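Here is how the chains run, residue by residue.
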Amino acid sequence: MTTLNPNQETLSQESQSTEEMIADELIEQYSTHKEVIETGISSLEQNDSAMVTHSEQGYLWKFQYGSIEVFVQLTGESEEDLLTVWASVLTLPAKKEPGLMRKLLEMNWSETLETRFGIVNNQIVVLSQRAVGGLSPEEISRAITLVATIADDNDEALKKEFGAS
């Protein structure tokens, strides 16, 4: 068993320069969640497809990633507000729905990391949701990237196997 000397830097600190660590800390301290979301979306969206609407319920972004549309909703900037990211991969009803549900539950266990499959408005979606309290820019970017990637990687295969009945 290896013990760490309290004076040793962690591996992540060793791999990052002091300037990068300061820049990351400044971004985390002074960027709003909205700004971080927009930066994350701009790195992923394709064909200048990003759109945003603002209402009393917060912000809602939509952008194209591969063969799917990704939605990002931010209800506000307080600790209790929510960040929700989702993308539809299949419309219900589907063929062999019991088999589909089993497959999605198995994938939830082994393949979705911090995301999950769910059902909303007769759509199978990949989603991630959490309160914004303590949410770092990296976590926001990861949630958006994971939902977009997992949805795009699985939508065509799910449609082929379980598409509309």
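Residues numbered from 1 in each chain as written. Predicted model: local features only at pLDDT ≥ 70, side-chain atom pairs only at ≥ 80, totals over all residues. Heavy atoms only, no water.

Asker: How would you sum up the confidence of the model for the chain? Please name residues and give values.
Answerer: The predicted model of the chain averages 85 in pLDDT, with 82% of residues at 70 or higher. The weakest mean pLDDT in the chain belongs to helix H1 (residues 11–15) at 48; the strongest belongs to strand E5 (residues 116–120) at 98. Within the model, pLDDT remains below 50 along residues 1–13, and this stretch shows two contacts once partners closer than five positions in the same chain are excluded. (pLDDT = per-residue confidence, 0-100. Helix = DSSP H or I, 4+ residues; strand = E, 2+ residues; numbered from the N terminus. Contact = heavy atoms within 4.5 Å.)

Asker: With reference to specific residues and values, describe the side chain of Thr 112.
Answerer: As for its placement among the helices and strands, Thr 112 is situated in the loop between helix H4 (97–110) and E5. According to the relative accessible area criterion, Thr 112 is buried, its value standing at 1%. Among the polar contacts made by the side chain of Thr 112, one reaches the main-chain carbonyl oxygen of Asn 108 at a distance of 3.1 Å. (Buried < 20%, exposed > 50% of the residue type's maximum accessible area, 1.4 Å probe, protein only. Polar contact = N/O pair within 3.5 Å; in protein donor to acceptor, adjacent residues only side chain to side chain.)

Asker: An account of the layout of surface pockets is needed here, citing residue identities and associated values.
Answerer: Taken as a whole, the second largest pocket spans an internal volume of roughly 170 Å³. Considering the residues around the second largest pocket, the lining is formed by Leu 83, Glu 114, Ser 128, Gln 129, Arg 130, Leu 135, Glu 139, Arg 142 and Ala 143. Those elements that provide at least two residues to the lining of the second largest pocket are strand E6 (123–131) and helix H5 (137–162). Taken together, the residues that form the lining of the second largest pocket break down as three nonpolar, two polar and four charged. (1 Å grid on protein atoms, 1.4 Å probe; cavity = no way out; pocket = protein on both sides within 12 Å on 5 of 7 lines; lining within 4 Å. Points joined across faces, edges and corners; volume = space filled by probe spheres on them. Nonpolar A, V, L, I, M, F, W, Y, C, P; charged D, E, K, R; others polar.)

Asker: Residues and numbers for the sheet that holds strand E2 (residues 58–65), please.
Answerer: The sheet built from six strands is open, its strands ordered E1-E2-E3-E4-E6-E5 with antiparallel pairing. Each end of this open sheet is capped by a strand with a single partner; those strands are strand E1 (51–55) and E5. Ignoring which end each strand starts from, the neighbouring axes of this sheet average 25° apart. Bridge count between E5 and E6: five bridges; the pairing is antiparallel. For Arg 116, the partnering residue across the bridge sits in E6 and is Leu 127. Across the sheet, helix H3 (residues 33–44) touches E2, strand E3 (68–74) and strand E4 (82–91), and the angle it forms with E2 is around 10°. (Pairing = 2+ DSSP bridges. Axes fitted to C-alpha atoms, helices over the stretch in contact; angles between N-to-C directions.)

Asker: Go over the packing of aromatic side chains with me, naming the residues and quoting the values.
Answerer: What the rule picks out here adds up to two aromatic pairs. An angle of 25° between the planes, with centres 5.6 Å apart, marks the rings of Tyr 59 and Trp 61 as stacked. Here Tyr 59 falls in the partly exposed class, since its relative accessible area comes to 24%. By relative accessible area, Trp 61 is classed as buried at 4%. (Phe/Tyr/Trp six-rings, centres within 6.5 Å; stacked < 30°, edge-to-face > 60°.)

Asker: Describe the pattern of salt bridges, and please don't skip the residues or the numbers.
Answerer: With the rule as written, the count across this model stands at five salt bridges. Residues Glu 69 and Lys 62 are paired through a salt bridge, measuring 3.7 Å at the closest nitrogen-oxygen approach. Residue classification places Lys 62 among the partly exposed positions, given a relative accessible area of 27%. Two residues, Arg 130 and Glu 139, come together in a salt bridge whose shortest N-O distance is 3.1 Å. Judged by relative accessible area, Arg 130 falls into the partly exposed class, the value being 32%. On the accessibility criterion, Glu 139 (35% relative accessible area) is partly exposed. (Salt bridge = Lys/Arg side-chain N within 4 Å of Asp/Glu carboxyl O.)

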